[in-house]
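A look at the structure
So you can see what is in the structure, the chains are spelled out below.
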Amino acid sequence: KGRIPHTPNTRTAMAGLFDDDDADEWALGGVKQNKPVSATVSVFTSGEIANISELRQLVSDLSEHSIAGEYSKDESTLWRYFGAKSTERTKDAQLKAAEAMFRESTQWKLDADVAGTMLLWDKSENFELRPKTDEARLGDSHFYGGICGLATSGGPFMVERLGKVDVGGLSHDEKCLAAVKKSYIHYIESAWQTVRAKGGKTQAVMVIDMQGLGMSVLRHMSTLKEMSKIATHNYPEIAGTIYLVNPPWGFQTIWKGVQSILPPRTREKITMLNEDYVEILAKHIVGGKSALPDFLGGDCIKHGVCAALPVGDTKEADEEDEEGGDKTAVQKEQ
């Protein structure tokens, strides 16, 4: 009970990370590509192995916990928890912070019923395009992120359209905000399962598109903070690189507010790209420009990024589901 399943859509997001005999080719963002065969996964150093062992010992009392017990057996997972606290001044402080995060996040996943959300949000086994429940449909209509395919490093290629999200509308609609939070959980848990499945130091590449982001977001920072802490408090070291693109006018003022809700470790990973970002991003996604979403200058229209519609509007999302648009990210060719 409480064990988080590798459900069909999550397995789809992991396409290309496995060695199935019948999975030599996959449709990445709607474009058929060969599986990546040389994804780089770093080997742990002797010092890192020692840190992992110490952290495992500190949480050994959780061996019967349905989630923590599984995580504590995996070196890659423990490495992520320890690494997330690298800004601590001493190793002892880092271990204590990593232990606290491990305990709190694994319990949160039980309390928040992440396993239930994964089951309800995932598509059925024959990859039907429509989510299973009205709540999932509501959340995905107004959510702003998605996994578009595989990064050349072997992890997921994640995209968030922060400039499109209706933060004001979400702030005044508790039902919609609750559904969007679950869409976010589904998105970030899928990425988490992907990097854990690959193992080692595999990490995602994340792109945050800020086109359309206005000063009004500063009035609703508490809502953004609620969303961001789901990842920063419970999903350590998923992304290794975070690119910001399309900064709006007045970005420096907006950024001061946004970065205040991010941990130091996350801020260290952020790079701002100029207008010539398309070629850089294309080098980071398997399939290149043909797999890069069209709104980022690529050719792919069947990307996995949710619509981020204004609260109260679902018409566009209905049309996309019917046409097989945004909801298909990485789908095995049938």
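Please read all numbers here as calculations on a predicted model, not as lab measurements.

1. What about the state of the cysteines?
A complete count under the given rule lists zero disulfides for this structure. With no disulfide of its own, Cys 148 has Cys 300 as its nearest cysteine by sulfur position, at a separation of 7.3 Å. Owing to a relative accessible area of 2%, Cys 300 belongs among the buried residues under this scheme.

2. Describing the confidence of the model for the chain
Per-chain confidence: the chain averages 83 in pLDDT, with 79% of residues scoring 70 or above. When mean pLDDT is compared element by element in the chain, helix α5 (residues 91–111) scores highest at 98, while strand β1 (residues 25–28) scores lowest at 30. Below pLDDT 50 for its whole length, residues 7–40 participates in 84 contacts with residues either more than four positions away or in separate chains. In the model, residues 316–334 has pLDDT below 50 throughout and makes 55 contacts with residues more than four positions away in sequence or in other chains.

3. Describing the layout of surface pockets
The volume enclosed by the largest pocket comes to roughly 700 Å³. Lining the largest pocket are 38 residues, with Ala 231, Thr 232, Leu 262, Pro 263 and Thr 266 positioned closest to its centre. Considering each element in turn, the lining of the largest pocket owes the most residues, five residues, to helix α10 (residues 221–234). For the lining of the largest pocket, the class distribution of residues is 28 nonpolar, four polar and six charged. What the second largest pocket holds in volume is close to 250 Å³. For the lining of the second largest pocket, the secondary-structure elements that each account for two or more residues are α5, α9 (174–198) and α10. Across the lining of the second largest pocket, the residue classes break down as seven nonpolar, four polar and five charged.

4. Regarding helix α2 (residues 46–58)
Taking 1.5 Å as the rise per residue, α2 with 13 residues should run 18 Å; its terminal C-alpha atoms sit 19 Å apart, in good agreement. Buried within α2 are the following residues: Glu 48, Asn 51, Ile 52 and Leu 55. The buried residues of α2 all sit within an arc of 100 degrees when viewed along its axis, so they share a single face. In this structure, α2 carries Ser 46 and Gln 57 as exposed residues pointing more than 90 degrees from its buried face. Its buried side turned inward, α2 meets α4 (75–84) and α5.

5. Topic: the packing of aromatic side chains
Following the criterion strictly, the structure yields 11 aromatic pairs and no others. On the numbers, 5.0 Å between centres and 65 degrees between planes, the contact of Tyr 81 with Phe 102 is edge-to-face. On the criterion of sequence distance, the pair formed by Tyr 81 in helix α4 and Phe 102 in helix α5 is long-range, its members being 21 residues apart. The exposure class assigned to Phe 102 is buried, which follows from its relative accessible area of 0%. Aromatic pair Phe 251 and Trp 255: ring centres 5.8 Å apart, planes at 20 degrees, arrangement stacked. Taken together, the positions of Phe 251 and Trp 255, both in helix α11 (residues 251–259) and four residues apart, correspond to about one turn of that helix. Comparing Phe 251 with Trp 255 shows no difference in burial state: the two are buried. Grouped by ring-pair contacts, the aromatic residues Tyr 71, Tyr 81, Phe 102, Trp 108, Trp 192 and Tyr 235 constitute a single cluster. Over the ring of Phe 295 we find Arg 161; its NZ or CZ atom is 3.7 Å from the centre of that ring.

6. A look at the pattern of salt bridges
What the rule picks out here adds up to 12 salt bridges. One salt bridge in this structure joins Glu 237 and Arg 265, with 2.9 Å as the shortest N-O distance. You can see Glu 237 sitting in the loop between α10 and β6 (239–245) and its partner Arg 265 sitting in helix α12 (residues 264–267), a full 28 residues away along the chain. Judged by relative accessible area, Arg 265 falls into the partly exposed class, the value being 25%.

7. Things to note about the sheet that holds strand β3 (residues 145–150)
As summarised here, the arrangement of the five strands in space is β3-β4-β5-β6-β7, forming an open sheet in which the pairing is mixed. At either margin of the open sheet sits one strand with a lone partner, and together these are β3 and β7 (270–272). The sheet shows a mean angle of 25 degrees between the axes of neighbouring strands, direction not considered. Taken together, the five bridges between β3 and strand β4 (residues 156–160) define a ladder with antiparallel strand orientation. Its bridge partner being in β4, Gly 146 is matched across the sheet by Val 159. Contacts from α9 reach β3, β4 and β5 (204–209) within the one sheet, and its direction differs from that of β4 by about 160 degrees.

Scoring rules and cut-offs
- Sequence order sets the numbering: in each chain, residues are counted from 1 along the sequence as written.
- Where totals are concerned, whole chains, interfaces and linings use all residues; where local detail is concerned, this predicted model gives features only for residues with pLDDT of at least 70, and gives and counts side-chain atom pairs only at 80 or more.
- Values shown for side chains rest on all heavy atoms present in the structure; no hydrogens or waters enter the calculation.
- Two cysteine sulfurs form a disulfide in these notes if their separation is within 2.5 Å.
- When accessible area is computed with a 1.4 Å probe and restricted to protein chains, residues below 20% of their type maximum are described as buried, those above 50% as exposed, and intermediate ones as partly exposed.
- Confidence scores here are pLDDT values: one per residue, from the predictor, ranging 0 to 100.
- A helix here means a DSSP run of H or I that spans at least four residues, while a strand means a run of E at least two residues long, and both kinds are numbered starting from the N terminus.
- Every residue pair with non-hydrogen atoms within 4.5 Å of one another is taken to be in contact.
- Any residue with an atom within 4 Å of a point lines the site, the site being either a cavity, points on a 1 Å grid over the protein atoms alone where a 1.4 Å probe fits but cannot get out, or a pocket, an open set with protein on both sides within 12 Å along at least 5 of 7 lines.
- Grid points are joined across faces, edges and corners, and a volume is the space filled by probe spheres set on the points.
- Residues were grouped as follows: Ala, Val, Leu, Ile, Met, Phe, Trp, Tyr, Cys and Pro as nonpolar; Asp, Glu, Lys and Arg as charged; and all remaining residues, including Gly, as polar.
- In this scheme, a helix's expected span is set at 1.5 Å multiplied by one less than its residue total.
- Working definition: the arc comes from the directions between the helix axis and the C-beta atoms, pointing outward to the latter.
- Centres within 6.5 Å are what make two rings of Phe, Tyr or Trp a pair, Trp counting through its six-membered ring; a difference in plane orientation under 30 degrees is then read as stacked, over 60 as edge-to-face, and the rest as tilted.
- Each ring is checked for a lysine NZ or an arginine CZ that lies within 6 Å of its centre and within 35 degrees of its normal; such an atom marks a charge sitting over the ring.
- We define a salt bridge as a side-chain nitrogen of Lys or Arg found within 4 Å of a carboxyl oxygen belonging to Asp or Glu.
- When DSSP locates at least two bridges between a pair of strands, those strands are taken to pair.
- Note on geometry: axes are lines fitted to C-alpha atoms, helical ones only across the stretch in contact, with angles between N-to-C directions running from 0 to 180 degrees.

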